Structures are given as structure tokens and as C-alpha cells.
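Now for the letters of each chain:
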Amino acid sequence: MVQRELRGTAEGAKPAWDLAQWSSRHSVLKEPVRLSDGSLRYANPAKEVVIGAAGGDRRNLTLCVKGSAEYGSRARRQGEPWVHLLVEQSISRQPSIAELQRLVLRIEVRLLHSQLHRTHDYTPDLHAAQFQLFLTVQNRNRDSTGFCKFLWFGVPFYDDRYRDPPGHVAQDTAGSDMFIYAPPAREFFAGSTHDRGWIRIDQDLVPLIRKALPSAWQAGYLRESRELADYRITSVNLGWEVPGVFDVGMQTRGLSLRAVT
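Predicted model only: the values in this text are computed from it and were never measured. (Residues numbered from 1 in each chain as written. Predicted model: local features only at pLDDT ≥ 70, side-chain atom pairs only at ≥ 80, totals over all residues. Heavy atoms only, no water.)

Engineer: Residues and numbers for the pattern of salt bridges, please.
Structural biologist: Per the stated rule, a full pass over the model turns up 10 salt bridges. Each of the salt bridges in this network shares a partner with another, and the network as a whole consists of Arg106, Arg200 and Asp202. (Salt bridge = Lys/Arg side-chain N within 4 Å of Asp/Glu carboxyl O.)

Engineer: Give me the nonpolar core: which residues, what numbers.
Structural biologist: In this structure, Val137, Leu151, Phe153, Phe157 and Trp240 are the most contacted members of the largest nonpolar core, which totals 56 residues. Here this core takes 7 residues from helix 2 (residues 206-218), the largest share from any one element. Discounting chain neighbours no more than four positions away, the residues touching phenylalanine 157 are Ile107, Val109, Phe131, Gln132, Leu133, Pro165, Phe189, Thr193, Ile201 and Leu238. One finds Phe150, Trp152, Met178 and Ile180 within the second-largest nonpolar core, a separate group that totals 5 residues. (Core = buried A, V, L, I, M, F, W, Y, C linked by side-chain atoms within 4.5 Å. Buried < 20%, exposed > 50% of the residue type's maximum accessible area, 1.4 Å probe, protein only. Helix = DSSP H or I, 4+ residues; strand = E, 2+ residues; numbered from the N terminus. Contact = heavy atoms within 4.5 Å.)

Engineer: Break down the sheet that holds strand 8 (residues 130-139) for me, citing the residues and quoting the values.
Structural biologist: Strand pairs in the sheet, formed through backbone hydrogen bonds, run parallel or antiparallel to each other. The strand order across the open sheet built from 7 strands is 1-6-13-8-9-11-10, with neighbouring strands paired in mixed fashion. Edge positions in the sheet fall to strand 1 (18-20) and strand 10 (168-171), since each has one partner strand and no second. Pairs of neighbouring strands in the sheet enclose a mean axial angle of 20°, with direction left out of account. In the packing of helix 2 onto the sheet, contacts are made with strand 8, strand 9 (150-159), strand 10, strand 11 (179-182) and strand 13 (231-242), and the angle to strand 11 comes to roughly 145°. (Pairing = 2+ DSSP bridges. Axes fitted to C-alpha atoms, helices over the stretch in contact; angles between N-to-C directions.)

Engineer: Pulling in residues and values, what's your account of helix 2?
Structural biologist: The end-to-end C-alpha distance of helix 2 is 19 Å, a good match for the 18 Å that 13 residues give at a rise of 1.5 Å each. Every buried residue belonging to helix 2 is among Val206, Leu208, Ile209, Ala212, Leu213, Ser215, Ala216 and Trp217, and all of these are buried. A positive backbone phi angle near 95° is found at glycine 220, which sits one or two residues after helix 2. (Expected span 1.5 Å × (residues − 1).)

Engineer: Describe the pairing of strand 5 (residues 61-66), naming the residues involved and giving the relevant values.
Structural biologist: Most of strand 5 sits inside the fold, with 5 of its 6 residues counted as buried. Direction of pairing for strand 5 relative to strand 14 (residues 246-260): antiparallel, over a ladder of 6 bridges. For lysine 66, the partnering residue across the bridge sits in strand 14 and is aspartate 247.

Engineer: Give a description of the sheet that holds strand 4 (residues 47-51) that names residues and reports values.
Structural biologist: Taken in spatial order, the 7 strands of this open sheet run 2-3-4-5-14-7-12, and their pairing is antiparallel. Unpaired on one side and paired on the other, strand 2 (33-34) and strand 12 (199-204) mark the two borders of the sheet. Across 6 bridges, strand 7 (residues 102-116) lies against strand 12 in antiparallel orientation. When the bridges of strand 12 are listed, valine 109 appears paired with isoleucine 199.

This is the structure:
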């Protein structure tokens, strides 16, 4: 359910993205502060969203989560939800995976800060901070019994536990029960976001997505169809998942996803 629309830097423009604040105790629904460079800053004690002005140093989007305000003195326990701060968008033009010659993801990200507030019950298995992008690769054939089933295709930018986030192939047991396929970060970029410089991705995702689907089939998911023509990219989300008591911030710019058929 949409609570309200947050205005951007272009007067009168309708929002293109949803902002998800799952499992948060604080909502950024107050009026923004306009910064000296024309950027808009939405903030509360637990999070910050900065919509950068065109041409400004803080373009395009900054997302910050203050886990110390969200969780207080007690870290989350096994089975409890965790804080998300994501931007997400449905994709209206959806060529099939069979049609795609290239699907080029371009983005730059820069870690601004990451601070762990260590509690007596801290364990890295439960308590972490991750910044990532996910695409949904969904069966859109209405004649298929698997219509609407999908997999999550992930791009891991940052994980506090690893300089180079490893791949992750598993069931999404915390939400959709669908299949997650996230290649290692080294498949997308050199260097590490831990160094807090700009990291750039300019990558054709088609070969990786065409590995993701057979991986899902082999694991017992999406069995209703093994036809690439049935699957399409239907949505994208980008941002933080913060299961641990971390104060974190990431700046992004230049996001684009370009399909060539």
C-alpha cells in the first residue's frame, strides 16, 4: 500500500519508483530539506534518502539506514524480520529471455559509511548489512501452469562480512519462497566497495541469466516451463537489507538497464 508520494527534484513529475521501508519502525514521510546543490533530503532518526540534483555531486540517489535506531540495544533473533530500504520498479517493456541478445546493466555505487554496533548477541550468521540489486525473471506465459512464478537474479554490491561478496544460490525462505541466484561480485566488477571508492558496472546480464534458469530447474524450481521464451524481466529493486545493528550509507548514480533484441 502506497502511503504517499515523495516529490523529486523535477517539479510536477510523477514518481517512477516505489520506496520500500519493510520492517522499519520509522517512516520518511516528512517534508524534505533542499540542500545547497538542489538535492532533496528525506530523513528521520533511522534513515536518510537523498534524491540528487541533476549535475550535482550527490546524484542520483543515496540510501542510508541507521540500524542502531531501528534495533536499539538488542539485535534481531532467528526468525524475526529485518530492516529494508529499497527502491523498486515494475518493468513495462518485457522482451523474453529468448529474444534478448544483450541486457546491459550500468550503475556506479560508493559506500559512504558502515559501522557495526556490536551487541552481546551479535553473530555474523544473523547480523549483517547488504546492498544489492535484484531482478525478477518471471514466467509470463498465461497458458503455462507456472504463470507468475519467478526467480530472483541478484547483483551483490556490498556485504559487511566479505570484501568480495560470494555467490548465493538458495530458496528465499524469508519471503517469496522463490529461487535466488546471485553470482559472486567478481562476476560484475573489480575492486571492493569496502574501499569506499566508486565501483562501476557495465555488464551484459544475458549469459548469467541463462545460467540462472537451468540452476533453478536443476534445484526443482520453475519446473512448469523450461522454455526461455516464457520468461521475462518484470521488476528491479535496489537497496539495503540490514539484519544487523549497522549504520550504513550508499550512494548510487547512472543506473540504466538496456535491452537489445
